[in-house]
There are 2 protein chains.
Amino acid sequence: MSLIIVGSMAFDAIETPFGKTDKIVGGAATYAAYAAANFVKPVQLVSIVGYDFPKEEMAELKSRGGQLDGVEIVPDKKSFFWSGRYHEDMNSRDTLVTDLNVLADFKPKVPDSYQGAEFLMLGNLAPATQLSVIKQMKTRPKLIAMDTMNFWMEIALDDLKEVLKQVDLLMVNDAEARQLTGQFSLVKAAKTILTMGPKFLIIKKGEHGALLFHGDNVFFAPALPLEEVFDPTGAGDTFAGGFMGHLAKTGDISFDNMKRAIIVGSAMASYCVEKFGPTRLKEINKEDIDRRLEQFKELVNFEIELV
Amino acid sequence: MSLIIVGSMAFDAIETPFGKTDKIVGGAATYAAYAAANFVKPVQLVSIVGYDFPKEEMAELKSRGGQLDGVEIVPDKKSFFWSGRYHEDMNSRDTLVTDLNVLADFKPKVPDSYQGAEFLMLGNLAPATQLSVIKQMKTRPKLIAMDTMNFWMEIALDDLKEVLKQVDLLMVNDAEARQLTGQFSLVKAAKTILTMGPKFLIIKKGEHGALLFHGDNVFFAPALPLEEVFDPTGAGDTFAGGFMGHLAKTGDISFDNMKRAIIVGSAMASYCVEKFGPTRLKEINKEDIDRRLEQFKELVNFEIELV
């Protein structure tokens, strides 16, 4: 089954306690696509880049199953650029530069060749932009998931509430769930969000794992304890890509299968953070992924007899 | 099999975002004993209290399987008293008052009636005090576990290192593991600690769960996502009590059984935080505990086919 991923393709410059990069390729859609392509093909991208986005990266994405009909190339503008510096705990960072460039006028167009896709992932974009994508779909996808951020809660809350009504799954981090609901307790925040539209909610907690809520059910997946988190950039997008990739591969949107999808997403994210940018995601193969899924089983599964 | 718990029995006055208590019963050994007594009897306490510690609490502990031969009652001094205020996130707190009182001269004596115990839990005390307990044991217990805190790392590091060589399991929180080793990565910190004496290490992360390390094995148990953490005081000690109680009940110190013990400890801790002090621990029964163990299974267990 096919999967559409809408989001940024961009450049990042990153500083962590372990090192520093010049401009390297990044962007939510890039990370999500590299992760998802391990599980489903095609991965249909909707994005926008400038004249400076590397042709080799486009070719690489294509060779792995990425479909690029929906990626607009603006010939006289630069690609979105973000630069940031991580603190020692890697859970917080300072943004040094945000150059929107092409992203400022992003009006995503869903190509005809993408119509009929059963899975749609809306990356973090203006809510009105996310809504415009949903409206372009001639057949409603089986599952629409979205990401968002605190910025949109501050400047476009009404639009955000409108999109929330149209999606099946929201993926946010703990601070965003708290801000959206005004509830400090994540369990209470989840209950509130599940009345706002989405039937499924994932709350990402970085190195502390992720929670999946659906009705009265809750599932928790830890992050893999790693010796070193080298660069957390893109981990959340990689998680989303692995999650959606597994769902699209299996076509099964039951709660039990979403549990598996969250573990798959966590496994992909655990690779992402091992090197700068999406580098590590391009190195791993099916055996690597399977080995890490086994590690997750050993990490959390237990048997207990109630006597 | 019997279990010895060495630690404080005390009074606390607690302030949380949800309310405030006057002096109520607390202390590491008290919490641990209430938790452990659900799984093993007797729970042999070694502690010290003043004239003011309530006789009814002693009677309550005894009625639940606590053995008090090792609890010294000092007729002319007051019990240890701690007062603190939690911040909104409940992961940090300010200490308002610490009155050591009887605890200042605590020289634990292991009664003859406790000799032969197979499980020994050394609560957070001066390392020299912990060591004196180990030396009093005529037969070495099958498993010796200990807690400690940053304070001892600062003023008694050599003593602490000496005790570490004598124990099988260390239980600390994430900040303490980092301070003890100078390693920010918990995985690296764990590797270092496992060369210092203990063959097993538990790193407690409060609301973010707990990690168990042994050789190259690692197991993670989340905290149960709760609508409200009413009062986190004693949660760590309750966790330790449930953990040791399960081990003592089963007599099995394999890694697989320690996984179960960590889940049991987490289940007990999840009850502890629902009300002030050890109140909730006195209300629950076997069915309540089993129900929560089931919740943990649903929370983390998953099945995945590698295809």
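Our subject is the structure that appears above.
Model, not experiment: these values are computed from the prediction.

Definitions and limits used
Per chain, residues are indexed from 1 in the order of the written sequence. By the order in which they are written, chains take letters starting at A while ligands take numbers starting at 1. Totals for whole chains, interfaces and linings use all residues, but because this is a predicted model, local features are given only for residues with pLDDT of at least 70 and pairs of side-chain atoms are given and counted only at 80 or more. Numbering of helices and strands starts at the N terminus; helices are DSSP runs of H or I of at least 4 residues and strands are runs of E of at least 2. Note on method: radius of gyration uses C-alpha positions; expected globular size equals 2.2 Å times residues raised to 0.38. Partly exposed residues are those whose C-beta has more than 12 but fewer than 20 other C-beta atoms within 10 Å; with 20 or more the residue is buried, with 12 or fewer it is exposed, and the C-beta atoms are placed from the backbone. C-beta atoms are first placed from the backbone for all residues, and any pair lying within 7 Å is then listed as a contact. In this description, a line fitted to the C-alpha atoms serves as the axis of each element, helices being fitted only across the stretch in contact, and the angle between N-to-C directions of two axes falls anywhere from 0 to 180 degrees. Orientation is classified from the angle alone, with under 35 degrees giving roughly parallel, over 145 giving roughly antiparallel, 65 to 115 giving roughly perpendicular, and any other angle giving oblique. It is the rotation of the near helix from the far one that decides the hand of a crossing: anticlockwise by less than a right angle makes it left-handed, clockwise makes it right-handed. Residue polarity follows a fixed list, in which Ala, Val, Leu, Ile, Met, Phe, Trp, Tyr, Cys and Pro are nonpolar, Asp, Glu, Lys and Arg are charged, and the others, Gly among them, are polar. In this description, a nonpolar core means buried residues of the types Ala, Val, Leu, Ile, Met, Phe, Trp, Tyr and Cys, linked to one another by C-beta atoms lying within 7 Å. Regarding the arc, it is the one traced by the directions from the helix axis to the C-beta atoms. Paired strands, as defined in this entry, are two strands with at least two bridges between them according to DSSP.

Novice: Just checking my understanding: could you explain the overall build of chain A for this structure?
Specialist: For chain A, the count of helices and strands is 11 helices and 14 strands. Its C-alpha atoms give chain A a radius of gyration of 18 Å, near enough to 19 Å, the size a compact globule of 307 residues would have. Its C-alpha atoms put chain A at 70 × 40 × 35 Å along the principal axes. Considering chain A as a whole, with its 307 residues, one finds that 49% of them fall into the buried category. Intrachain contacts of chain A at a sequence separation of at least 6 include 68% that bridge at least 24 residues.

Novice: Please explain the packing of helix H3 (residues 127-136) of chain B against helix H5 (residues 157-166) of chain B as it appears in this structure.
Specialist: In a pair of packed helices, the angle between the axes and the distance between the axes together describe the arrangement. All names here are of chain B. Between H3 and H5, the shortest axis-to-axis distance is 8 Å and the interhelical angle comes to 30°. Comparing their axes, H5 and H3 come out roughly parallel. Here H3 runs over H5; the crossing is left-handed. Contact residues: H3 offers Pro127, Ala128, Gln130, Leu131 and Ile134, while H5 offers Asp159, Leu160, Glu162, Val163 and Gln166. Class assignment for the residues of the contact of H3 with H5 results in six nonpolar, two polar and two charged.

Novice: Honestly, the nonpolar core in this entry has me stumped. Any pointers?
Specialist: Where a protein is soluble and globular, its nonpolar side chains tend to be buried together. Ranked by size, the top nonpolar core spans 205 residues in total, and within it Met121(A) and Met121(B) carry the most contacts. Residue contacts for Met121(B): discarding those within four places in its chain leaves Leu3(B), Ile4(B), Ile5(B), Val6(B), Ala32(B), Ala145(B), Ala240(B) and Met244(B).

Novice: How do you make sense of the interface of chain B and chain A when you look at a structure like this?
Specialist: Often, the extent of an interface is quoted as the loss of accessible area on bringing the components together. Across the contact, 28 residues belong to chain B and 28 residues belong to chain A. Breaking the side of chain B that touches chain A down by element, the ones donating at least two residues are helix H7 (186-193), strand E14 (217-221), helix H9 (255-272) and helix H11 (286-300) of chain B. Looking at which element gives the most residues to the side of chain B that touches chain A, the answer is H11(B), with five residues. Looking at the side of chain B that touches chain A, its residues break down into 17 nonpolar, three polar and eight charged.

Novice: Where do I start with helix H7 (residues 186-193) of chain A in this structure?
Specialist: Every α-helix winds through 3.6 residues per turn, so residues three or four apart in the chain are directed the same way. Residues and elements named next belong to chain A. Among all positions in H7, only Leu186, Ala189, Ala190 and Ile193 are buried. Buried residues of H7, seen end-on, are gathered within an arc of 100° and therefore sit on one face of the element. On its buried side, H7 packs onto strand E11 (169-173), helix H6 (174-181), strand E12 (200-204) and strand E13 (210-214).

Novice: Mind showing me how you'd approach unusual backbone geometry here?
Specialist: Apart from glycine, the bulk of residues carry a negative phi angle, and the bulk of peptide bonds sit in the trans form. Residues and elements named next belong to chain A. A cis amide bond links Lys41 with the next residue in sequence, Pro42, at an omega value of -5°. Within the element layout of this structure, Pro42 appears in the loop between helix H1 (28-36) and strand E5 (43-49). The phi dihedral of Asn101 is positive, around 50°, even though this residue is not glycine. Its place among the elements puts Asn101 in the loop between strand E8 (93-99) and strand E9 (119-122). For Asn101, a count of 19 C-beta atoms within 10 Å translates into the label partly exposed.

Novice: What am I meant to see in the sheet that holds strand E5 (residues 43-49) of chain B here?
Specialist: Within a sheet, neighbouring strands are paired by backbone hydrogen bonds and run either parallel or antiparallel to one another. All names here are of chain B. Across the sheet, nine strands lie side by side as E6-E5-E1-E9-E10-E11-E12-E13-E14; this open sheet has mixed pairing. At either end of the open sheet lies a strand with only one pairing partner, and these are strand E6 (66-73) and E14. The sheet shows a mean angle of 15° between the axes of neighbouring strands, direction not considered. Sheet analysis places strand E10 (residues 143-147) next to strand E11 (residues 169-173), joined by three bridges and oriented parallel. Within E11, the position partnered with Ala145 by the bridge is Leu169. Sitting on the sheet, helix H6 (residues 174-181) touches E11 and strand E12 (200-204), and the angle it makes with E11 is about 110°.

Novice: Is there a simple way to think about the environment of Phe151(A) in this case?
Specialist: Tracing the backbone through its elements, the reader meets Phe151(A) in helix H4 (residues 150-155). Through-space distance from the C-alpha of Phe151(A) to that of Glu176(A) is 9.4 Å; in sequence the pair is 25 residues apart.

Novice: How should the sheet that holds E12(A) be read in this particular structure?
Specialist: All names here are of chain A. Strand order across the open sheet formed by nine strands is E6-E5-E1-E9-E10-E11-E12-E13-E14, with mixed pairing between neighbours. The open sheet has two edge strands, strand E6 (66-73) and strand E14 (217-221), and neither has a second partner. The mean angle between the axes of side-by-side strands here comes to 15°, regardless of whether they run parallel or antiparallel. H1 contacts strand E1 (3-6), E5, E6 and E9 of the sheet and is inclined by roughly 160° relative to E1.

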